[in-house]
Amino acid sequence: MFKKLEVLLKSQINDVLRGDPTRQPMPRNPQRKVTDLRERINKAIEHEDELQQQVAALRSETKNLDAAADTAVKRGDEATARHILAQLQRTQQRLSMVESDLEAHRLVAQELILNVNRLEAALADQQRTEPQPTERTNDIFQETQSRIAELGERLGSRRSQVETSLEVEKTQDEEQIEDDLEARRNRLSKR
């Protein structure tokens, strides 16, 4: 999930980062750059919609697996219940990852939109007053590119944090399955 947005951000950075890394020249056609960024924002919004659909599907799957685990426990079929609980646990982990991806994606997309809006406004102001890019416009362009680079780095570090947390969760799976199975037995026997 993060890879798509990270590639998107890095591709924009690579388009601009030619020459001195601390000070990139204003592109020849800055309005085209803004248009390209807007297209990429639209793709990011489409990706957000896909993530929302994945979250809804995983929530539904979690609900169905939870009910199936209860049914298996009621029947006394512990092997099936354990299998279903393992599936439920993996689905909940995937749901947690996708929800985390969605939240991070939203934050990054909002910041990108804000920076592109600032750049676009600066370009519009500059075009009204002077036909050539000004130092102020160039500064805003530089700041926008810097923010895009920071967003790409944050996405990369966020991805590694999620991967690390998944490795830790895998070691706790068996204990959680047994605890969940016992809690279900107790809850269902009281009915």
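Just above, that's the structure.
Predicted model only: the values in this text are computed from it and were never measured.

1. Points about the overall build of the protein
- When helices and strands are counted, the protein shows five helices and zero strands.
- Secondary structure elements in the protein, listed N-terminal to C-terminal, are α-α-α-α-α.
- Split into buried and exposed, the 191 residues of the protein put 38% on the buried side.
- The long-range share in the protein, meaning contacts at least 24 apart out of those at least 6 apart in sequence, stands at 83%.

2. Observations regarding the nonpolar core
- Counting 12 residues, the largest nonpolar core consists of Leu65, Ala69, Ala72, Val73, Ala81, Ile84, Leu85, Ala86, Leu88, Ile177, Leu181 and Leu188.
- For this core, the secondary-structure elements that each account for two or more residues are helix H2 (30–75), helix H3 (78–129) and helix H5 (173–189).
- With five residues, the single largest contributor to this core is H3.
- With residues up to four places along the chain from it excluded, the contact list for Ile177 reads Arg82, Leu85, Ala86 and Gln89.
- Formed by 10 residues, the second largest nonpolar core is a distinct cluster that contains Val34, Leu37, Ile41 and Leu123.

3. Structural notes on the environment of Val108
- Here Val108 shows up in helix H3.
- When its relative accessible area of 4% is taken as the criterion, Val108 is described as buried.

4. What to know about the side chain of Asn115
- Mapped onto the fold, Asn115 is located in helix H3.
- On the basis of relative accessibility, which here comes to 3%, the residue Asn115 falls in the buried class.
- Excluding residues that lie within four positions of it along the chain, Asn115 makes contacts with Thr144 and Arg147.

Definitions and limits used
Residues numbered from 1 in each chain as written. Predicted model: local features only at pLDDT ≥ 70, side-chain atom pairs only at ≥ 80, totals over all residues. Heavy atoms only, no water. Helix = DSSP H or I, 4+ residues; strand = E, 2+ residues; numbered from the N terminus. Buried < 20%, exposed > 50% of the residue type's maximum accessible area, 1.4 Å probe, protein only. Contact = heavy atoms within 4.5 Å. Core = buried A, V, L, I, M, F, W, Y, C linked by side-chain atoms within 4.5 Å.

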